[in-house]
Amino acid sequence: MKLFIDTGDIEEVRRAAEWGILDGGTTNPTLIAKAGKGFKETVLQICEAVPGGAISAEVVATEYELLLKEALEIASWHPQIVVKVPLIEPGIRLVRTLSDKGIRTNVTLVFSVTQALMAAKAGATYISNFVGRGDDMSADGMDAVADTVARVENYQFESEVLVASIRHPLHVVQSIQAGAPVATMPYKILEMMFKRPLTALGLTRFL
Ligand code: E4P
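What counts and what doesn't
Residues numbered from 1 in each chain as written. Predicted model: local features only at pLDDT ≥ 70, side-chain atom pairs only at ≥ 80, totals over all residues. Heavy atoms only, no water. Helix = DSSP H or I, 4+ residues; strand = E, 2+ residues; numbered from the N terminus. Rg over C-alpha atoms; globule rule 2.2 N^0.38 Å. Buried < 20%, exposed > 50% of the residue type's maximum accessible area, 1.4 Å probe, protein only. Contact = heavy atoms within 4.5 Å. Areas by Shrake-Rupley, 256 points an atom, 1.4 Å probe, with all protein chains shown as cover. Lys, Arg positive; Asp, Glu negative; His and termini not counted. Charge placed at Lys NZ, Arg CZ, Asp CG, Glu CD. Expected span 1.5 Å × (residues − 1). Pairing = 2+ DSSP bridges. Right-handed = clockwise from strand over helix to strand, strands pointing away. Axes fitted to C-alpha atoms, helices over the stretch in contact; angles between N-to-C directions. Salt bridge = Lys/Arg side-chain N within 4 Å of Asp/Glu carboxyl O. Polar contact = N/O pair within 3.5 Å; in protein donor to acceptor, adjacent residues only side chain to side chain. Phe/Tyr/Trp six-rings, centres within 6.5 Å; stacked < 30°, edge-to-face > 60°. Lys NZ or Arg CZ within 6 Å of the ring centre and 35° of its normal.

A.B. asks: Tell me about the overall build of the chain, and name the residues and values.
C.D. replies: For the chain, the count of helices and strands is 11 helices and 8 strands. Rg of the C-alpha trace for the chain: 17 Å, near the compact-globule value of 17 Å for 207 residues, within the 12% margin. Taken over the C-alpha atoms alone, the chain extends approximately 60 × 35 × 30 Å along its principal axes. Among the 207 residues that make up the chain, the fraction classed as buried is 48%. Restricting to contacts in the chain with at least 6 residues of sequence separation, those with at least 24 account for 56%. For the chain, the accessible surface area stands at approximately 10600 Å², while carbon and sulfur atoms represent 55% of it. On the chain, the mean spot of the 20 positive side-chain charges and the mean spot of the 24 negative ones are 3 Å from each other.

If you want it as structure tokens, here you go:
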């Protein structure tokens, strides 16, 4: 399973990238705003911090022509950039256009297999299936992820299911068990994955 970091904080990306296990990064407008730096500057710094990694940068327009203009501009910034597009009607149309031009896309805000089907048919590179926000609505977010992973594989779509909105390490365990090709998570979760009391105890004894 590929590991992406989900943040707009370049220092977090640099720290995680030092471990040598990062395959990419995802951002969204909220994360970029929270980090407090410019959008383009942040995305380019993340690309540099994760050489060769797939770095998702999200469009914010909601009308097709504006979306297209914005997407082409973002895609021109760096070859590692993947254009992140919300699953709305003009968004799906945009994914088809970008896919036909060979521009990679990450379809975001996906919560069901039917939405995932549309993203896959439009040629999405990644399908961001949200877990935590599903759980927040008293649904089982991981159920939809596992179902989507199985169906995308079943129909042999080339899109990769990217588990997003991960809130704790158990979501990572469940993503692995579902056979998800990619998972993105905050720095805090990546860090928590190191923590095992028996590892800490064992190290203390060894030392
Ligand atoms: C990733 O692409 C998403 O933007 C992110 O995982 C959303 O996470 P949240 O639901 O915890 O905000």
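A.B. asks: Tell me about helix α5 (residues 89-100), and name the residues and values.
C.D. replies: The end-to-end C-alpha separation of α5 is 17 Å, in line with the 16 Å expected for 12 residues at 1.5 Å each. Buried residues of α5: G91, I92, L94, V95, T97 and L98, and no others. At the C-terminal side of α5, G102 shows a positive phi close to 80 degrees.

A.B. asks: Pulling in residues and values, what's your account of the pairing of strand β8 (residues 182-185)?
C.D. replies: Side-chain alternation along β8 places V182 and T184 on one buried face and A183 and M185 on a second face that is also buried. Here 4 bridges tie strand β1 (residues 2-6) to β8, and the two strands are oriented parallel to one another. Each bridged residue has a counterpart across the sheet, and for L3 the counterpart in β8 is A183. With respect to chirality, the unit in which strand β7 (residues 160-164) leads through helix α9 (residues 169-177) into the neighbouring parallel β8 is right-handed.

A.B. asks: So what's going on with the sheet that holds β7? Which residues, and what values?
C.D. replies: Strand order in the closed barrel formed by 8 strands is β1-β2-β3-β4-β5-β6-β7-β8, and the pairing between neighbours is parallel. The mean inter-strand angle of the sheet, taken between neighbouring strand axes irrespective of direction, is 30 degrees. Pairing geometry for strand β2 (residues 24-26) and strand β3 (residues 54-58), over 3 bridges, is parallel. Paired with G24 across the two strands is A54, which belongs to β3. Packing against the sheet, helix α4 (residues 64-77) makes contact with β3 and β4 (81-86), and its axis sits at approximately 155 degrees to β4.

A.B. asks: Now, about the pattern of salt bridges: what can you tell me, with residues and values included?
C.D. replies: Tallying each qualifying case throughout the model produces 6 salt bridges. Note that K2 and E160 form a salt bridge whose closest N and O atoms lie 2.9 Å from each other. Of the two residues, K2 is situated in strand β1 and E160 in strand β7; the sequence distance between them amounts to 158 residues. For K2, a relative accessible area of 30% corresponds to the partly exposed category.

A.B. asks: Kindly report on the environment of E158, identifying the contributing residues and their values.
C.D. replies: Within the secondary structure, E158 sits in the loop between α8 (141-154) and β7. Exposure remark for E158: the relative accessible area of 78% places this residue in the exposed category. Between the C-alpha atoms of E158 and G8, which are 150 residues apart in sequence, the distance is 28 Å.

A.B. asks: Run through the side chain of H171, naming residues and quoting values.
C.D. replies: Among the secondary structure elements, H171 is positioned in helix α9. Polar side-chain contacts of H171 include one of 3.1 Å to the backbone nitrogen of R167. Residue contacts for H171: discarding those within four places in its chain leaves V131, G132, D135, M142, S165 and I166.

A.B. asks: Please set out the packing of aromatic side chains residue by residue, giving values where relevant.
C.D. replies: This structure, assessed with the given rule, holds 6 aromatic pairs. Ring geometry for F4 against Y126: centres 5.7 Å apart, planes inclined by 75 degrees, an arrangement best described as edge-to-face. Of this pair, F4 sits in strand β1 while Y126 sits in strand β6 (residues 126-130); the two residues are 122 residues apart in sequence, bridging distant segments of the chain. For the pair F4 and Y126, one class covers both residues: buried. Considering the side-chain rings of F39 and W77, the 5.5 Å spacing of their centres and the 70 degrees angle between planes classify their relative orientation as edge-to-face. Of this pair, F39 sits in helix α3 (residues 39-49) while W77 sits in helix α4, placing them 38 residues apart in sequence. Note on W77: relative accessible area 17%, which makes it buried. Following the ring pairs from residue to residue traces out a cluster consisting of W19, Y187 and F194. Above the plane of the ring of Y187 lies R15, whose end atom (NZ or CZ) is 4.8 Å from the centre. Over the face of the ring belonging to Y64 we find R93, whose NZ or CZ atom lies 3.6 Å from the ring centre.

Read these as geometric descriptors, not functional statements.
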